[in-house]
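Each chain, letter by letter, is given below.
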Amino acid sequence: MALFTSDDLSEFFAVDTLGTAATYKEGGVGDGSSIQVIFKEDYVEISGGSVDIEGTHPVAVCRAEDVPNAAHDDTVTIDGTVYTVAGIQRSPVIGTVRLVLTT
Amino acid sequence: MSHVRQQIREAIATAVTGLTTTGSNVHQSRVWNFEAGDLPCLSVFTNSETAETVNLGETMSRIMQVAVEGYVRQAADTDDTMDTVASEVEVAMASDQTFGGLARASELSGTEIAYSTEGERVVGVVTLTYQVQYYTASNAPDTAL
């Protein structure tokens, strides 16, 4: 059983608190659904050969009930940028899904 | 004058400049991070060398390891692009294996390919290692024999 109710999570994910509006498309097709995500795009130094490469590591946290069929190659559009889901970390206890994104 | 090692490194950088995929994005002994927009690119390193004396100590026979690293960042088909980069480098390096007479010979001794998915796009690095043999006088490392 999740620690938080759907209403609890809705407060966290609201766009006037931590959330950002996003469009989620299963398989990257169709009109998709409007959801709220907590989006982070931290700076990372990507391991290269002798030299590292500067980049970002985009991650979107969603309510699990908003993306019940989350799968690789789904897309999330945030502020006009289309990200592809490359990793899925479900957290049933909290009731969220953490999506690792690529562009 | 500069050490023959430096002259060869610079000659190699010149040889691999202007290739179709990496263009003028060629660096020598790069140590600072690349920005995403810097890729695709090449960086030439001369990290190690073995040497021995010949002719009663008057001549140094040297074999230098040269690494030409190709960096690629893209959403898909990173492997194909790295192989293309490798192909272009190999052709350029084979066009003059003495680098204008600085070396006696050079040959590809190995290729390594690595991927990283830590960021928003796959980064691939292909490393071509060459062995370059050259000679200098023991007391004149700036002049190739």
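Details of the structure are given in the entry above.
Some thoughts on the overall build of chain A
- Looking only at helices and strands, one finds 1 helix and 6 strands in chain A.
- Beginning at the N terminus, the succession of helices and strands in chain A can be written as α-β-β-β-β-β-β.
- The burial tally for chain A puts 32% of its 103 residues in the buried class.
- Taking contacts inside chain A between residues at least 6 apart in sequence as the whole, the part at least 24 apart equals 46%.
- Of the roughly 5,500 Å² of accessible surface on chain A, a fraction of 51% belongs to carbon and sulfur atoms.

Here we look at the nonpolar core
Residue and element names in this part refer to chain B.
- If you look at the biggest cluster of nonpolar residues, it comprises 27 residues, and the most contacted ones within it are Ile-8, Ile-12, Val-16, Leu-42, Val-66, Val-89 and Val-132.
- Of all the secondary structure elements, the ones that give two or more residues to this core are α1 (4–15), β2 (41–54), β3 (59–74), α2 (78–94) and β5 (122–137).
- Counting residues per element, this core draws most heavily on α2, at 6 residues.
- The contact partners of Val-132, leaving out residues within four places of it in the chain, are Ile-8, Arg-62, Ile-63, Met-64, Val-66, Phe-99, Ala-103, Ala-105 and Ser-106.

Quick notes on a negative patch on the surface
- A surface patch of like charges, here negative, comprises Asp77(B), Asp79(B), Asp80(B) and Asp83(B).
- The topology assignment puts Asp79(B) in helix α2.

Points about the pairing of strand β6 (residues 96–102) of chain A
Residues and elements named next belong to chain A.
- Burial analysis of β6 places 5 of its 7 residues in the buried class, the great majority of the element.
- Summarising the sheet, strand β3 (residues 53–63) and β6 pair through 5 bridges and their orientation is antiparallel. If you follow Cys-62 over to β6, its bridge partner there is Val-97.
- In terms of strand pairing, strand β5 (residues 81–91) meets β6 through 7 bridges, oriented antiparallel. Its bridge partner being in β6, Val-85 is matched across the sheet by Leu-101.
- Here β5 hands over to β6 after 4 residues, with Gly-95 in that stretch at a positive phi of 90°.

A short note on the packing of aromatic side chains
All names here are of chain A.
- Enumeration according to the criterion identifies 2 aromatic pairs over all chains in this entry.
- Each ring, one from Phe-39 and one from Tyr-83, has its centre 5.4 Å from the other, and the planes form 50°; the classification is tilted. Note that Phe-39 is positioned in strand β2 (residues 33–46) and Tyr-83 in strand β5, a separation of 44 residues in sequence.
- Overall, Phe-39 belongs to the partly exposed group, its relative accessible area being 23%.
- Owing to a relative accessible area of 5%, Tyr-83 belongs among the buried residues under this scheme.

Some details on the sheet that holds β2(A)
All names here are of chain A.
- Ordered in space as β1-β2-β3-β6-β5-β4, the 6 strands form a closed barrel in which the pairing is antiparallel. When strand polarity is set aside, the average angle formed by the axes of neighbouring strands in this sheet is 45°.
- Across the sheet, helix α1 (residues 6–13) touches β1 (20–25), β2, β3 and β6, and the angle it forms with β3 is around 145°.

Details of the interface of chain A and chain B
- Across the contact, 19 residues belong to chain A and 19 residues belong to chain B.
- In total, about 1,500 Å² of surface goes out of reach between chain A and chain B, with carbon and sulfur atoms giving 51% of it.
- For the chain A face of the interface with chain B, the top three residues by lost area are Val51(A), Ile53(A) and Thr103(A), together amounting to 36%.
- The tally of links between chain A and chain B comes to 11 residue pairs in polar contact (both at pLDDT 80 or more).

Rules behind the numbers
Residues numbered from 1 in each chain as written. Chains lettered and ligands numbered in written order. Predicted model: local features only at pLDDT ≥ 70, side-chain atom pairs only at ≥ 80, totals over all residues. Heavy atoms only, no water. Helix = DSSP H or I, 4+ residues; strand = E, 2+ residues; numbered from the N terminus. Buried < 20%, exposed > 50% of the residue type's maximum accessible area, 1.4 Å probe, protein only. Contact = heavy atoms within 4.5 Å. Areas by Shrake-Rupley, 256 points an atom, 1.4 Å probe, with all protein chains shown as cover. Core = buried A, V, L, I, M, F, W, Y, C linked by side-chain atoms within 4.5 Å. Patch = residues over 30% accessible without salt bridge, like charges linked within 9 Å, V, L, I, M, F, W, Y side chains within 5 Å. Salt bridge = Lys/Arg side-chain N within 4 Å of Asp/Glu carboxyl O. Lys, Arg positive; Asp, Glu negative; His and termini not counted. Charge placed at Lys NZ, Arg CZ, Asp CG, Glu CD. Pairing = 2+ DSSP bridges. Phe/Tyr/Trp six-rings, centres within 6.5 Å; stacked < 30°, edge-to-face > 60°. Axes fitted to C-alpha atoms, helices over the stretch in contact; angles between N-to-C directions. Buried area = accessible area lost by both parts, 1.4 Å probe. Polar contact = N/O pair within 3.5 Å; in protein donor to acceptor, adjacent residues only side chain to side chain.

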